[in-house]
Amino acid sequence: MDTPQRTRIPEIVAKYETELLSEWIELQTRAATLRRDLMRDDDLRDESQRFLEQFRIGTSKGSLDPDDDSWHGARDVLAEITRQRARLGFSPSATATFVFSLKQPLFTRLQIEIGDDTRVLADEIWRATILLDQLGLFSIEVHQKGREELIARQQQEMLELSTPVVQLWEGVVALPLIGTLDSARTQVVMESLLQTIVDTGASIAIIDITGVPTVDTLVAQHLLKTVAAARLMGAECLISGIRPQIAQTIVHLGVELNDIVTKASLADALTIALDKLGLHVSSRDAR
Amino acid sequence: MERIPVLKMGNCLLVTIQVDMHDRLATALQDDLTERISISRARGVLIDISALDVVDSFIGRTLGNIAAMAQVLDAHTVVVGMRPAVAITLVELGLDLPGVRTALDVEKGMALIQSALGRVNGRPSA
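Residues numbered from 1 in each chain as written. Chains lettered and ligands numbered in written order. Predicted model: local features only at pLDDT ≥ 70, side-chain atom pairs only at ≥ 80, totals over all residues. Heavy atoms only, no water.

**Here's the deal with the packing of aromatic side chains**
Residue and element names in this part refer to chain A.
- Across all of its chains, the model carries five aromatic pairs over all chains by this definition.
- Ring geometry for Trp24 and Phe51: centres 6.0 Å apart, planes at 55°, overall tilted. Here Trp24 is found in helix H2 (residues 17-30), whereas its partner Phe51 is found in helix H3 (residues 41-60), with 27 residues between them in sequence.
- Accessibility expressed as a relative area gives 0% for Phe51, which makes it buried.
- Ring geometry for Phe51 against Phe98: centres 5.8 Å apart, planes inclined by 55°, an arrangement best described as tilted. (Phe/Tyr/Trp six-rings, centres within 6.5 Å; stacked < 30°, edge-to-face > 60°. Helix = DSSP H or I, 4+ residues; strand = E, 2+ residues; numbered from the N terminus. Buried < 20%, exposed > 50% of the residue type's maximum accessible area, 1.4 Å probe, protein only.)

**Notes on the sheet that holds strand E4 (residues 236-240) of chain A**
Residues and elements named next belong to chain A.
- Pairing within the open sheet is mixed, and its five strands lie in the order E1-E2-E3-E4-E5. Edge positions in the open sheet fall to strand E1 (166-169) and strand E5 (261-262), since each of these has one partner strand only.
- Against the sheet, helix H8 (residues 183-200) engages E1, strand E2 (172-178) and strand E3 (204-211), with an angle of about 165° to E2.
- Docked against the sheet, helix H9 (residues 217-233) engages E2, E3 and E4, running at close to 165° with respect to E3. (Pairing = 2+ DSSP bridges. Contact = heavy atoms within 4.5 Å. Axes fitted to C-alpha atoms, helices over the stretch in contact; angles between N-to-C directions.)

**Focus: the interface of chain A and chain B**
- Taken residue by residue, the interface counts 16 residues in chain A and 17 residues in chain B.
- Regarding the contact of chain A and chain B, the summed buried area is about 1400 Å², with carbon and sulfur atoms giving 66% of it.
- The largest per-residue losses of area from chain A upon contact with chain B belong to A:Arg231, A:Leu232 and A:Met233, which jointly make up 44% of the total buried on that side.
- The interface formed by chain A and chain B holds one salt bridge in total.
- With a shortest N-O distance of 3.1 Å, A:Lys225 and B:Glu92 are connected by a salt bridge.
- Scanning the region where chain A abuts chain B turns up seven residue pairs in polar contact (both at pLDDT 80 or more).
- At the level of elements, H8 and H9 of chain A are the ones that each hand at least two residues to the side of chain A that touches chain B.
- Residue composition of the side of chain A that touches chain B, by class: nine nonpolar, four polar and three charged. (Buried area = accessible area lost by both parts, 1.4 Å probe. Salt bridge = Lys/Arg side-chain N within 4 Å of Asp/Glu carboxyl O. Polar contact = N/O pair within 3.5 Å; in protein donor to acceptor, adjacent residues only side chain to side chain. Nonpolar A, V, L, I, M, F, W, Y, C, P; charged D, E, K, R; others polar.)

**Some words on a negative patch on the surface**
- Taken together, the side chains of A:Asp65, A:Asp67, A:Asp68 and A:Asp69 define an acidic patch exposed on the protein surface.
- Position of A:Asp67 among the secondary structure elements: in the loop between H3 and helix H4 (72-88). (Patch = residues over 30% accessible without salt bridge, like charges linked within 9 Å, V, L, I, M, F, W, Y side chains within 5 Å. Areas by Shrake-Rupley, 256 points an atom, 1.4 Å probe, with all protein chains shown as cover. Lys, Arg positive; Asp, Glu negative; His and termini not counted. Charge placed at Lys NZ, Arg CZ, Asp CG, Glu CD.)

**Considering a nonpolar patch on the surface**
All names here are of chain A.
- Taken together, the side chains of Val166, Leu168, Trp169, Leu266, Leu277, Leu279 and Val281 define a hydrophobic patch exposed on the protein surface, amounting to about 550 Å² of accessible area.
- Considering each element in turn, the nonpolar patch owes the most residues, three residues, to E1.
- Turning to its location among the elements, Trp169 is positioned in strand E1.
- Accessibility expressed as a relative area gives 40% for Trp169, which makes it partly exposed.

Nothing here speaks to function; it is geometry throughout.
Have a look at this one:
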């Protein structure tokens, strides 16, 4: 088996850099995965040139392992290009194709240079394949990571947006819940509800779950916790906005909502709240 | 040993906890309070915990016990001024103090005791 020192890839890449670049770009332009609507030919040329330059520098240090320090520049350029493409809306496979499409021109050059010695040619092609595959996988990972960061940021934004507590009346606050309740959100919701109870001195809190799509045992448990915490602070909780399907689910799941006043609509809950405060709304004509 | 003062106001006892609670202090409060209820024949107990930053499971359970003991001695207990963080902690600990009445501040707590006493006194005695 040949040792890495005897590979001719660095030499071939250095010798044919210009030819490799033009063939590679030609190939990418023809590929079906290239999104012409998302990027211009100039950008493609620029990106390809920068990566190939770093690729040549990487190979010239004698190592064909992209995890080595000598590949630092190539990894940085590739990560930058990948992030750029992820932002533009490229799919992971389209992004990885950028690296994988370098195989064909490189293999062609290897074939021309090495000629008929099939054993050497097979070795070299195998080395080049491993190298480019690793770079391709690296680009997919960067792409994936970029997406995950995006999702995490959106979740954070959703958490901040979705917990308004509104005062309906002197002594009555309402918490219209929208979206699924998970542990992290319940914590935020609970904190903002309790803080509003302290700030407004409200003695009744209405939790409206009209916007909660499903209620499972976990969501019910979170609701019960919120109610219990509000009660410890000295405020009574009413739950409103229970849709027929949710009522069915709650009973089927065997969730016990005992001692908690539940109402179908927020208006009904407000009536109850006003009644508990000794207030009464009447029509002007009735006077 | 330090003690938490128990003040008498009309037919109510007022306890304002203004120091960090530890277990011995909580037990001492339980002893003092039950004794004072029986001596002064108080009908209401108001415990203000608005200055408490931390309530652990023992203190939480002691508050529940005090309420139950006061109930046996025919006095209504109201815990007032619990902080949001304390409320969340107690609920996470699974201590939702089922037998304890709560109010937002001393004023509302006193109103709650008076209305409870009013209902009892207004009812024809059996």
